[in-house]
Structures are given as structure tokens and as C-alpha cells.
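# Coordinate inspection notes
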Amino acid sequence: MERSLVVSDVDGTLLGDEGGTRRFGEFIALHRASLKLVYASGRFFDSLIKSIHEHQLPAPDAMICGVGSEIRDYPSGEIDGQWQQHVLQVFCADDVRKALRSFPGLVDQPQECQSPGKVSYFLHNAGATQLDALRDTLKFKGIHSDIVYSSGRDLDVMPQGVNKGSAAIHLAKRWEISHNNIVVCGDSGNDLPMFQLGVHGVIVANAQAELADYHRPGLFRATKPCADGVLEGLNYWLTEAVN
Ligand code: GLC
Ligand code: MG
């Protein structure tokens, strides 16, 4: 049997209900030999490590950090240099900051949320028109970027084409895992690019509207929230549909 690749968001997906997180750990322990496990988060490595220890999440093989702007092996923390080069090729965080300096409503996220490959703001309840205006401003200044909007609050400006989805595909290539054996799990807007890959998907019951409203065949909509929803989906994709 070919190995599967499970790529899951962390906050609101694997975390949020301690009982579910524990049950997820037990499931992974049973199936560990037949899968690669990756956590994909908007947060960076050090912050994720703390959560792994604090909530006893199972050890992953790698982590997609900063909304896809960084890939690190676990536990070594080694950065994927090839991906890093790709991320920084088309992007200069300072140019983004300059371009958006006077854009109304943007509030800088704390320093630990920023990196050379990700510029993050708070922007509360942004509508489509406001997000379009932001995109236009960046485009007008010649900046090759994508906007990721999550939880009606978090706005990430990313290098064009860099997101959790493209980072997941990079890892699948590295490990020679075919698209048919990838399962992605999430709850919010920064997870959407993973679902747009067309691979098997699990949307947990507590998902934000920005993800819950996304429709295409091949998505499993869990009836349970957080990690229990992930388990429902993994049971469906890994043990029923795939094998
Ligand atoms: C995490 C990150 C934050 C980002 C958000 C959405 O909360 O810390 O910087 O904006 O995810 O991607
Ligand atoms: Mg989340």
C-alpha cells in the first residue's frame, strides 16, 4: 500500500477540544507506519513546538509554518532551503509594508508573526471590495503577491503562489506521494488553498464561513468540531474510501 500524506491545520482543527486532540493522537499512533504527518499553520516553528508539547500532539514529519512561507523538518527544525529560495525569489516584505503604509484599517500583527516571506495585519470584517482594493494597491506597485484572509480578522500578504497548498504539494513531491493519497484538514481561510488542490479534504464542523462556504466534490464535511471532525474525515478517507 502506498503511503498517505495527512496535512492538517492546527488551531481550530487539531486544537480546540482536548478530548478530540487526545483521540487524534491515538489514531495516529495506530496508523503511523503508513502515513506522513504534516502540520500546516499560520504560526511559526517555535510557537508550534510549544503547542505540540503543551497539547501532546503526535510528532509530525514536517511543519508548514507561516501560512506556507516556511517548511521545516521535525524534530530537527531544518529549513527546506529549496522552498525558502522559491518563497523569497519574488517577494520583498519591506516593499509590501511601504505599499500598504497608508491603506485604511490595517494594523500590524506582532513582530513574531512577521517574516521575510509573510507580512501580516489585522483587518476586521473586511468585505470583498476592501480586499479587492488591497490587491489592486499591491498590483499597482508591481508587487507579486497573494492575499489570504482568515477568521474575519487576519490578513496575510504572501509571495504569489505561496500558501499551505503549494507547500503541501512540495512535500508530496519530496516524498513521492501521489495526489490521490493526500488528505488535507482545516477550518479557516488560510486552509482554502489546500482544498483548492483537488485532493481529499476534511472540513471540520466548526469551520469559518470563508472555508465552509467552499464547495466542490471530494470534500468530507465532518459533523463534529476540531480533532474529532478530523478523525471522522480520516476514517472516511484513509480506512474506507482509499483502501
Ligand atoms: C496565525 C498567524 C497569523 C496569521 C493567521 C492567519 O494566527 O499567527 O500571523 O495571520 O494565522 O493566517
Ligand atoms: Mg485554523
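Each residue is numbered by its place in its chain's sequence as written, counting from 1. A letter from A marks each chain and a number from 1 marks each ligand, given out in the order of writing. A pLDDT threshold of at least 70 governs which residues receive local features in this predicted model, and a stricter bar of 80 or more applies before side-chain atom pairs are shown or counted, although totals over entire chains, interfaces and linings include all residues. Only hydrogens and water are set aside when side-chain values are computed; all heavy atoms of the structure are taken into account.

### Digging into the pattern of salt bridges
The term salt bridge refers to a side-chain nitrogen of Lys or Arg lying within 4 Å of a carboxyl oxygen of Asp or Glu. Under the counting rule described, the total for this entry stands at 13 salt bridges. Connected through shared salt-bridge partners, Asp9, Lys164 and Asp191 make up one network.

### Considering the packing of aromatic side chains
Pairing of aromatic rings covers Phe, Tyr and Trp, the last counted by its six-membered ring, and requires centre-to-centre distances within 6.5 Å; plane angles under 30 degrees mean stacked, over 60 mean edge-to-face, and any other angle means tilted. A full pass over the atoms with the stated rule returns 2 aromatic pairs. Considering the side-chain rings of tyrosine 236 and tryptophan 237, the 4.8 Å spacing of their centres and the 75° angle between planes classify their relative orientation as edge-to-face. For every residue, the accessible area obtained with a 1.4 Å probe (protein chains only) is divided by the maximum for its type, and the residue is called buried under 20%, exposed over 50%, and partly exposed between those limits. On the basis of relative accessibility, which here comes to 33%, the residue tyrosine 236 falls in the partly exposed class. Using a relative accessible area of 7% as the deciding quantity, one classes tryptophan 237 as buried. Three or more aromatic residues joined by ring pairs make a cluster, and in this case those are Phe220, Tyr236 and Trp237. Ring-over charges, as used throughout, are those where CZ of Arg or NZ of Lys falls within 6 Å of the ring centre and within 35 degrees of the ring normal. Above the ring of tryptophan 175, the side-chain terminus of lysine 36 is found at 4.7 Å from the ring centroid. In this arrangement the basic side chain of arginine 72 is found over the ring face of phenylalanine 45, its NZ or CZ atom lying 4.8 Å from the centre.

### Observations regarding the coordination of the magnesium ion (ligand 2)
A metal bound by six donors in octahedral fashion has ideal angles of 90 or 180 degrees, whereas one bound by four tetrahedral donors has an ideal angle of 109.5 degrees. For Na, K and Ca the donor cutoff is 3.2 Å, while for all other metals N, O and S atoms count as donors only within 2.8 Å; water does not appear among the atoms, so some sites may look incomplete. Binding of the magnesium ion (ligand 2) to the protein goes through Asp9 (OD), Asp11 (O) and Asp187 (OD), at separations of 2.2 Å. Linear spacing of the donor residues for the magnesium ion (ligand 2) on their chain is D-x1-D-x175-D. Note that aspartate 9 is positioned in the loop between strand S1 (4-8) and helix H1 (18-31) and aspartate 187 in the loop between strand S9 (182-186) and helix H7 (192-195), a separation of 178 residues in sequence. No difference in accessibility class separates aspartate 9 from aspartate 187, as the two residues are buried. In DSSP terms, a helix is any run of H or I states spanning at least four residues, a strand is any run of E spanning at least two, and both are numbered starting from the N terminus.

### Overview of the site of ligand 1
Neighbouring ligand 1 are Gly42, Arg43, Val67, Gln109, Cys113, Lys118, Ser120, Ser150, Asp154, Asp156 and Asn190. Two N or O atoms count as a polar contact when they lie within 3.5 Å, although within protein this holds only if one can serve as hydrogen donor and the other as acceptor, and sequence-adjacent residues are included solely when both atoms are side-chain atoms. Take glutamine 109: an N or O atom from its side chain is 2.5 Å from an oxygen atom of ligand 1. Taking lysine 118, its side chain carries an N or O atom lying 2.7 Å from an oxygen atom of ligand 1. Per-residue and other accessible areas follow the Shrake-Rupley method at a 1.4 Å probe size, with only the shown protein chains counted as cover for residues. Considered on its own, ligand 1 offers 310 Å² of accessible surface; in the complex 85% of this is hidden by protein. The method works on a 1 Å grid over the protein atoms by themselves. A cavity is a set of points holding a 1.4 Å probe that cannot get out, a pocket is an open set with protein on both sides within 12 Å along at least five of seven lines, and residues with an atom within 4 Å of a point line them. Think of it this way: a molecule belongs to a cavity or pocket when more than half its atoms come within 2 Å of the grid points there. According to the grid-proximity analysis, the pocket containing ligand 1 is the largest pocket. Amino acid classes used here: Ala, Val, Leu, Ile, Met, Phe, Trp, Tyr, Cys and Pro are nonpolar; Asp, Glu, Lys and Arg are charged; the rest, including Gly, are polar. Taken together, the residues of the shell around ligand 1 sort by class into 2 nonpolar, 5 polar and 4 charged. There are two domains that each give the shell around ligand 1 at least three residues, and those are domain 1 (4-86 + 162-242) and domain 2 (91-159). When we say a residue is near a molecule or strand, we mean one of its heavy atoms is within 4 Å of it. Boundaries between domains were set according to an automatic or database domain assignment.

### Here's the deal with the pairing of S9
Strand residues, when the strand is regular, have side chains that alternate between the two faces of the sheet. Taking burial as the measure, the 5 residues of S9 include 5 buried ones, the bulk of the element. Where burial is concerned, the two faces of S9 agree: the one with Ile182, Val184 and Gly186 and the one with Val183 and Cys185 are both buried. When S9 meets strand S10 (residues 200-203), the two strands line up parallel, connected through 4 bridges. Within S10, the residue paired with cysteine 185 across the bridge is valine 202. What makes two strands pair is DSSP finding at least two bridges between them.

The quantities given are spatial measurements derived from coordinates; they are silent on function.
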